[in-house]
Amino acid sequence: ARNGYYVTAYVYCEPKYIDPPTFTVKPKINPSANGLASVSYTLDLAGRQDQSVITWYICDDLKGTNGREVATSRGNQPMMSLPLTSGYVGKYLLVGVEPKHQISDPGPAVTAITPTPITAADVLSPNITVNFRNFDPTTYETYVNGLWTVLGTWTSEQGDNFANGYGVRAASRGAALLYQQDAPMGDMQVDLVMNPEKSEGMGFGSPGSSVDGDQNQKADVYIKYDPRTKNGYALRWWRTTEYTGKCVYQLFKIENGVGSPLNDKQVVSGVFKANTHMTLKIIGNTFSVAASNGVTDETLALEGAVTPNRYGGAGVYWSGSIPRGNSNVYSQFAISYPGAK
């Protein structure tokens, strides 16, 4: 320009999209091995990258009756294998492959189904590790052994700071992700990673309290919990009016859906920041929590005595506010049972 200013424009070019690749060998689900089901197929890719969208379902019979989506591909990475859980036992696995490469849209799905149901012998461990890249956040309000109950609204989110690059965001007040485990379990551990959108340590859009109810801003992580009957234990935390960048944390017992403090021990901490790593353990009659984050040296430590139960379920609950900038993304959730076979 005459005044000496310059403007730089950047132009992004991509090739014209072409037809999706075609199958030269149609999808087939291979026999389960090492606790995984896997699918194989061959595409005429002409040297291009396979970016097929693969979606896994469980269903009641060879016709695909009562199919429920349990996992799907995201980020142009085909989900070639599926970890098996106790929720799949007695069910047929169905997979749909939508063929795609980097310069095509996905083509129509071609499906395959297992000839026989999944057996208990196919599931090698009761432990669960969720890869949120593949998690289906669709609302599912039924409690089924070995499966997730999804209450409220959740959205799949992508981000460089998330474990595996993906997480799920609470998008409604009172949203919950609950894992049902009906088999009797002893000692238990839950590991999770969270990224609150309020990054200064207060976590929530406004102060709350420990009082039950979806409209009171707080969060729970459940352990040794039975979602169906709403009994077990939890770590509960909420924003406080006394500190600008901290939350109050306390251990709770949940009975028939009603929470009460496990003891009078409360910890005020600013640990709830980007990449908050949290571990909950119930070993014998001791309930302990430890947490840290990826940006400061702030930590959390709590411990209390519990009455052991045989529950093996777990989950998270969010009743904080949910406009962008106020909610929380969970990017890792792992459940393990030390000593269980």
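Conventions we followed
Residues numbered from 1 in each chain as written. Predicted model: local features only at pLDDT ≥ 70, side-chain atom pairs only at ≥ 80, totals over all residues. Heavy atoms only, no water. Helix = DSSP H or I, 4+ residues; strand = E, 2+ residues; numbered from the N terminus. Buried < 20%, exposed > 50% of the residue type's maximum accessible area, 1.4 Å probe, protein only. Pairing = 2+ DSSP bridges. Axes fitted to C-alpha atoms, helices over the stretch in contact; angles between N-to-C directions. Contact = heavy atoms within 4.5 Å. Core = buried A, V, L, I, M, F, W, Y, C linked by side-chain atoms within 4.5 Å.

## Notes on the environment of T24
- Mapped onto the fold, T24 is located in strand β1 (residues 23-33).
- The exposure class assigned to T24 is exposed, which follows from its relative accessible area of 53%.
- Separated by 19 residues in the primary sequence, T24 and L43 place their C-alpha atoms 5.4 Å from one another.

## Focus on the sheet that holds strand β14 (residues 219-226)
- Strand order in this open sheet of 7 strands is β9-β12-β21-β14-β15-β16-β17, and the pairing throughout is antiparallel. Two strands bound the open sheet, and with one partner strand each, they are β9 (148-151) and β17 (258-269). Here the average twist between neighbouring strands, direction ignored, is 15 degrees.
- Here strand β16 (residues 247-255) runs beside β17; their pairing, made up of 8 bridges, is antiparallel. Each bridged residue has a counterpart across the sheet, and for K253 the counterpart in β17 is S260.

## Some thoughts on the pairing of strand β20 (residues 299-305)
- Residue alternation in β20 divides its side chains into a buried set, L300, L302 and G304, and an unburied set, T299, A301, E303 and A305.
- Two strands pair when backbone bridges link them, and strand β19 (residues 286-292) and β20 are joined in this way by 7 bridges, in the antiparallel orientation. From the neighbouring strand, S288 faces β20, where its bridge partner is E303.
- Hairpin connection from β19 to β20: 6 residues lie between these consecutive antiparallel strands.

## Looking at the side chain of S321
- Topologically, S321 is positioned in the loop between β21 (313-318) and β22 (328-336).
- Given the relative accessible area of 11%, S321 is considered buried.
- Ignoring any residue separated from it by four or fewer positions in sequence, one finds S321 in contact with R173, G205, Q217, N326 and S327.

## Here's the deal with the nonpolar core
- In terms of nonpolar packing, the biggest core is built from 46 residues, with L192, L235, W237, L280 and F333 touching the most fellow members.
- Looking at which element gives the most residues to this core, the answer is strand β13 (residues 188-196), with 4 residues.
- If sequence neighbours within four positions are ignored, L235 has contacts with A219, D220, V221, Y249, Q250, L251, M278, L280, F287, V289, L300 and L302.
- Y41, L43, W56 and L93 belong to the second largest nonpolar core, which has 22 residues in total.

## Notes on the sheet that holds strand β5 (residues 81-83)
- Spatially, the 3 strands line up as an open sheet ordered β1-β2-β5, and their pairing is antiparallel. With partners counted over all chains shown, the strands left at the sheet margins are β1 and β5, one partner each. Here the average twist between neighbouring strands, direction ignored, is 10 degrees.
- Relative to strand β2 (residues 36-43), β1 is paired through 6 bridges, and the arrangement is antiparallel.

## A look at the side chain of K100
- By the secondary structure assignment, K100 is in the loop between β6 (92-98) and β7 (110-113).
- In this view, K100 contacts P21, Q49, D50, Q51, S52, N76, D105 and P106; residues no more than four positions away in its chain are not counted.

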